Amino acid sequence: MLAVFAFPILGLLTLWLLSRWTTIAKLPVYVTVTLLVSFFIPISTVALVPFDLVDDETLDNHKRLIMWRVIYWLSFLLMWLVLPLMQAYVESGYYNPWQKLKDASKNCLKSQLIILFCGAIGGIYMSVTAGLSFTSLKGLCIALSHSYGLLLVIWMLGHSAVSIPRSMLFNSVGSNLHDLYCHATHYYDAYRDAQSNYDDVVAKIMALEAIKTEKYAKWIDSLIADISSQDIGSGFGVGGRAGSSGNLSTGASAGASGASGATGASGRAQPRDLTPTNISDLGRRLYRDQSRLLRSRADWESLLAKVEYFEQLQSGTTHTRIAKIRPYLYMVGGLFLSCLSVIVIWSEIVSGTKLSLIDIIIRHVAKAFKVLFAALFLGYMCFLVNSALTSMRIFNLYAIVPKHTDSSSLIFFAAYALRLTVPLSYNFLMLTSTQETVFQEFLGKFINLTALGKYFNQVLPRLVIVPVLMTLFNVYDLVKDYLGFGFGLDYFGDDENEVVSAEPEGRDLVRRALQGFAAFQQPEVVEEQENTGLLSVVKGWFA
């Protein structure tokens, strides 16, 4: 009975999560509805799996089978067709809906060529091993999607199972401040670069207003209206603190004044710039640069807020009670999560056997507690995967920013939430041997249709030890340092002095930003510092 009442609660939870990530009123209706459905399905799947595991009697097996079929194939349609097409549609720079759809279809087809190629290879393998039929084609789609999702799940699970408990166990105010100071220069430079790119594309669009013709007037006016509707300040600001503009009209005027050099030697846009390709490219750039600026500004604001909070904790000027109990709370939380991580990792390594700790615990507790323990372990696994997914910045294009996440990023993460939820849920059920659930019966016959699919499903979970060891021994940082690229390389090099030398620089940058925009603008503040590194760049900006 609880499974039936869970749906309205899960729907409200989905709406609440979406409202935390973005301003729903600013989204187009078709995007809002699709996102609500796309996020509701993974949440409801994770919530219903524990009830399926303990054989809840609200629905008989036939009705459950129908429910799982509807959920799975709706998820499949959304994650591989609807959401990629909608994402390309949202990112398209065209004005006319039909042109946007054509452009989105073309771009979506390009990105799906790899999937079609893998599907063709899989089809050849399937025809040799199981013969071509409607059932085998369904099995091919499910097996390929499942293997891809499971591979990502295992990597994210292993990484977060180590990094999250470790970050809590070794969490201190001093170490947090040290990391924030060292990251400050990177976040600040990213903010400045994003502002510069945004001002450049605004300049080019505003320059088109002087030469627009009747044919492109509505298109150009819509771009300018989009610029004016955004809450983004032009020029340097300190992330919404004193002196941050927050009014984009300044950005538009500054962009127009900077149009020279960006649109031609004469300082004006040329009639040859009025082409559908050029205007659509500017529209696409405007959308991406707006999103990137909002993300980088949110990162900078967040860093300043965290530094301010930790400095207050360190000085003891405020939050004295929190400062006293915080180390103990983090220690207890870290130990608890470490225990859960050990249980999950061991169960993955020995999955399919009776040595699985998750299986032992669920088998030996009373039926009334089976749902609770199943929800605890599955919920923790989802938390680990979700933390890894939402913390990633995919090529600096997609990221979750509270209240300011753009439509494209939301669609991207919704698609991956759908792609990862089913493999994660099925993987969890493989860690238990309590009984064969309807969910396992439905997916298992397609996943295990071929020997290769069955082999992947059995071997991939055991490979969780690879990301666990890589994270435990910081192999990622070693690889990034060796290859010479990656986030943080400027101040996390082989020489320990590089870390120390970046901390004073970041501390000075943050403290001047916290003092306010006026203090940050004073040239003499910069003149007193050594004319090297970032400080020389700052002096050049405000000279």
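Note that the structure is a prediction, hence the values are computed from the model and not measured.

Draft legend 1. Region of the structure containing the overall build of the protein chain. Within the protein chain one finds 22 helices and zero strands. A fraction of 76% describes how many contacts in the protein chain between residues 6 or more apart in sequence connect residues 24 or more apart. Looking at the protein chain as shown, the accessible area adds up to about 26,900 Å², and 64% of this sits on carbon and sulfur atoms.

Draft legend 2. How the structure looks around a nonpolar patch on the surface. Where nonpolar side chains cluster on the molecular surface, the patch consists of Leu463, Ile465, Val466, Leu469, Leu472 and Phe473 and spans about 510 Å² of accessible area. Inspection of the secondary structure puts Leu472 in helix 17 (residues 465–472). Assessed through its relative accessible area of 43%, Leu472 is described here as partly exposed.

Draft legend 3. Region of the structure containing the packing of aromatic side chains. For the structure on display, the rule yields 19 aromatic pairs. Here Trp80 and Tyr148 contribute two aromatic rings whose centre-to-centre distance is 6.1 Å and whose plane-to-plane angle is 55°, an arrangement assigned as tilted. Linking Trp80 in helix 3 (residues 61–91) with Tyr148 in helix 6 (residues 134–169), this pair joins segments that are 68 residues apart in sequence. According to the relative accessible area criterion, Trp80 is buried, its value standing at 17%. On the basis of relative accessible area, Tyr148 is assigned to the partly exposed category, the value being 34%. Measuring from centroid to centroid gives 6.3 Å for Tyr216 and Trp219, while their planes differ by 50°, and the two rings are tilted. An identical accessibility class is assigned to Tyr216 and Trp219; each is buried. Clustering of aromatic rings is evident, with ring pairs tying together Tyr72, Trp73, Phe76, Phe442 and Phe446. Geometry around Trp80 places Arg419 over its ring, the cationic atom sitting 4.3 Å from the centre.

Draft legend 4. Structural context of the confidence of the model for the protein chain. Per-chain confidence: the protein chain averages 79 in pLDDT, with 80% of residues scoring 70 or above. Considering only residues more than four positions removed or in separate chains, one finds that residues 234–267, a stretch of pLDDT under 50, has 67 contacts. Below pLDDT 50 for its whole length, residues 486–501 participates in 25 contacts with residues either more than four positions away or in separate chains.

Draft legend 5. Representation of the side chain of Asp289 in the model. Mapping Asp289 onto the fold places it in helix 10 (residues 276–315). Of the residues examined, Asp289 reaches a relative accessible area of 8% and is grouped as buried. The residues contacting Asp289, other than those within four sequence positions of it, are Asn197, Tyr198 and Val201.

Draft legend 6. Broad picture of unusual backbone geometry. Backbone geometry places Lys403, a non-glycine residue, at a positive phi of 70°. Locating Lys403 in the fold gives a position in the loop between helix 13 (367–391) and helix 14 (407–430). Even without being a glycine, Asn474 presents a positive backbone phi close to 55°. Within the element layout of this structure, Asn474 appears in the loop between helix 17 and helix 18 (475–483). Using a relative accessible area of 36% as the deciding quantity, one classes Asn474 as partly exposed.

Draft legend 7. Highlighting the environment of Leu337. Residue position: Leu337 is located in helix 11 (residues 320–349). In this structure Leu337 comes out as buried when scored by relative accessible area, which is 13%. C-alpha separation for the pair Leu337 and Ala161, spaced 176 residues apart in sequence, amounts to 8.2 Å.

Draft legend 8. Up close: the packing of helix 4 (residues 97–111) against helix 5 (residues 113–129). Relative to each other, helix 4 and helix 5 sit at 45°, their axes nearing to 4 Å. As judged from the angle between their axes, helix 4 and helix 5 are oblique. Within the contact between the two elements, helix 4 uses Leu109, Lys110 and Ser111 and helix 5 uses Leu113, Ile114 and Leu116.

Draft legend 9. Here's a closer look at the nonpolar core. If you look at the biggest cluster of nonpolar residues, it comprises 74 residues, and the most contacted ones within it are Leu35, Trp68, Ile358, Phe428 and Leu443. Broken down by element, the residue count for this core peaks at 14 residues, all from helix 14. In contact with Ile358, other than residues within four places in its own chain, are Ile343, Val344, Ser347, Phe377, Phe428, Leu431 and Thr432. Counting 35 residues, the second-largest nonpolar core is a separate cluster that includes Val173, Tyr188, Val202 and Trp300.

Draft legend 10. Summary view of the side chain of Arg284. Mapped onto the elements of the fold, Arg284 is located in helix 10. Residue Arg284 is classed as buried on the basis of its relative accessible area of 19%.

Draft legend 11. Up close: helix 11. Its 30 residues give helix 11 an end-to-end C-alpha distance of 44 Å, which sits within 8% of 44 Å, the value for a rise of 1.5 Å per residue. Arg326 marks where helix 11 bends most, by close to 40°; the proline Pro327 follows one to four residues later. Along helix 11, the positions that sit buried rather than exposed are Arg326, Gly333, Gly334, Leu337, Ser338, Leu340, Ser341, Ile343, Val344, Ile345, Ser347 and Glu348.

Draft legend 12. Spotlight on the pattern of salt bridges. Scanning the entire structure with this criterion turns up 12 salt bridges. Salt-bridge contacts for Asp406 lead to Arg295; the nearest nitrogen and oxygen are separated by 3.2 Å. On the criterion of sequence distance, the pair formed by Asp406 in the loop between helix 13 and helix 14 and Arg295 in helix 10 is long-range, its members being 111 residues apart. Across this residue pair, the class does not change: Asp406 and Arg295 are buried. Several salt bridges share partner residues, and in doing so they unite Asp200, Lys204, Arg285 and Asp289 into one network.

Draft legend 13. A look at the packing of helix 6 against helix 13. Remark: helix 6 packs on helix 13, axes separated minimally by 8 Å, with the N-to-C direction vectors making an angle of 95°. The angle between helix 6 and helix 13 places the two elements in the roughly perpendicular class. The segment helix 6 lies against helix 13, with Val153, Met156, Leu157, Ser160, Ala161, Ile164 and Pro165 engaging Tyr380, Met381, Phe383, Leu384, Val385, Ser387, Ala388 and Leu389. When its residues are assigned to classes, the contact of helix 6 with helix 13 shows 13 nonpolar, two polar and no charged.

Thresholds, definitions, all that
Residues numbered from 1 in each chain as written. Predicted model: local features only at pLDDT ≥ 70, side-chain atom pairs only at ≥ 80, totals over all residues. Heavy atoms only, no water. Helix = DSSP H or I, 4+ residues; strand = E, 2+ residues; numbered from the N terminus. Contact = heavy atoms within 4.5 Å. Areas by Shrake-Rupley, 256 points an atom, 1.4 Å probe, with all protein chains shown as cover. Patch = residues over 30% accessible without salt bridge, like charges linked within 9 Å, V, L, I, M, F, W, Y side chains within 5 Å. Salt bridge = Lys/Arg side-chain N within 4 Å of Asp/Glu carboxyl O. Buried < 20%, exposed > 50% of the residue type's maximum accessible area, 1.4 Å probe, protein only. Phe/Tyr/Trp six-rings, centres within 6.5 Å; stacked < 30°, edge-to-face > 60°. Lys NZ or Arg CZ within 6 Å of the ring centre and 35° of its normal. pLDDT = per-residue confidence, 0-100. Axes fitted to C-alpha atoms, helices over the stretch in contact; angles between N-to-C directions. Parallel < 35°, antiparallel > 145°, perpendicular 65-115°, else oblique. Core = buried A, V, L, I, M, F, W, Y, C linked by side-chain atoms within 4.5 Å. Expected span 1.5 Å × (residues − 1). Bend = angle between axes of the 7 residues up to and from the residue. Nonpolar A, V, L, I, M, F, W, Y, C, P; charged D, E, K, R; others polar.

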